[in-house]
Amino acid sequence: MTLSAAVLAALAFSAPAAAATRILAVGDFGVGGTTEQATGASVEAWEAAHRANLLVTLGDNDYTESPPAFRANWHDAFGWLRGAGVWVRGTLGNHDVRVDGGRYEFDPLRMPAKYYERSRAGLDLFVLNSNSVGDRQTRWLRRRLASSTATWKIVTFHHPAYTCGGYLSDPAVVSRWVPLFRRYGVDLVLSGHDHNYQRFAPSHGVTYVVHGGGGQELYPLRACPSGYPPRAFARRAHGFLDIVVRPGALRLRSVSMADKVVDYHVIYP
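Residues numbered from 1 in each chain as written. Predicted model: local features only at pLDDT ≥ 70, side-chain atom pairs only at ≥ 80, totals over all residues. Heavy atoms only, no water.

(A) Fine view of helix H5 (residues 135–147). Here H5 is 13 residues long and its end C-alpha atoms lie 18 Å apart, about the 18 Å a rise of 1.5 Å per residue gives. Considered for burial, the residues of H5 that qualify are Gln137, Thr138, Trp140, Leu141 and Leu145. An end-on view of H5 places all buried positions within 160 degrees of arc, on one side of the element. Looking at H5, the residues exposed on the side facing more than 90 degrees away from the buried face are Arg136, Arg143 and Ser147. Looking at the buried residues of H5, the elements they touch are strand S4 (116–120), strand S5 (123–127), strand S6 (152–156) and helix H6 (171–183). (Helix = DSSP H or I, 4+ residues; strand = E, 2+ residues; numbered from the N terminus. Expected span 1.5 Å × (residues − 1). Buried < 20%, exposed > 50% of the residue type's maximum accessible area, 1.4 Å probe, protein only. Arc of directions from axis to C-beta. Contact = heavy atoms within 4.5 Å.)

(B) The arrangement of the state of the cysteines in detail. On inspection of all chains with the given rule, the structure shows one disulfide. Put simply, cysteine 164 and cysteine 224 are joined by a disulfide, and their sulfur atoms are 1.9 Å apart. Because the sign of the S-S torsion sets the handedness, a value of about 105 degrees for the bond joining cysteine 164 and cysteine 224 places this disulfide among the right-handed ones. One end of the pair, cysteine 164, is in the loop between S6 and H6; the other, cysteine 224, is in the loop between strand S9 (207–211) and strand S10 (231–235), and 60 residues separate them in sequence. Residue cysteine 164 is classed as buried on the basis of its relative accessible area of 0%. (Disulfide = S-S within 2.5 Å.)

(C) Inspection of the packing of aromatic side chains at higher detail. For the structure shown, the criterion picks out 13 aromatic pairs. Plain terms: the ring middles of tyrosine 115 and tryptophan 140 are 5.1 Å apart, the flat faces sit at 65 degrees to each other, and that makes the pair edge-to-face. Placement of the pair is tyrosine 115 in the loop between strand S3 (87–89) and S4 and tryptophan 140 in helix H5, with a sequence separation of 25 residues. Classification of tyrosine 115 by relative accessible area gives partly exposed; the value is 21%. Where tyrosine 162 meets tyrosine 208, the ring centres are 5.0 Å apart and the plane angle is 80 degrees; that geometry is what we call edge-to-face. (Phe/Tyr/Trp six-rings, centres within 6.5 Å; stacked < 30°, edge-to-face > 60°.)

The values reported here are purely geometric and, on their own, carry no functional implication.
Below, the structure is given as structure tokens:
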């Protein structure tokens, strides 16, 4: 970050706390047991010092394929959210839809459907279901993005548009959704699925971030194919995301399970 950018960032984040929305995001965490509890405890410790409005999951919220086990694991790891005043918004991953299409997660993760939109002041959040990139959902996404007048547009789904690790790009996401992100001014796209952390340089104004390091076994990183946006930062590590949205800037941090910031990025409208 240049000196002038640093000054702008400092000014943007010196606004009153009421002007901000803080989003925590975690993906691929639903392993249960002490591992999931440790993830929940790390996020809780961070949130206690950095008060958040939302926790957004990035999919694979449950690897057990057992609705009772999922509910128990979620309560043990993230039952503190309600008392902290943090709302939840869930995203479905490939493991989540193996039982009843993932519907057993809707109530605990406050999901009205498999894909949906939620808004806060100056921010529209679009939660998609990348397990089925079909015509109906794509038409819905086009309509919602076209009608959005929010300063910030953030999109979440599980299978990344761009990733270079255990997986590569999801072809359907790239062919059907990426053009809509570009056309309608999406600022930030968050995904899980690859068990590592990657942030790509903005492409046509869109920043793509992958974080599937919520607790599952980590995947290695590899060189990205030609045609991808340049990868700006990557680390094979567990952790979660901290995103602060204000009218003048969006600040993204990747945080380790030890509550250390490992990557920092600012986006301006």
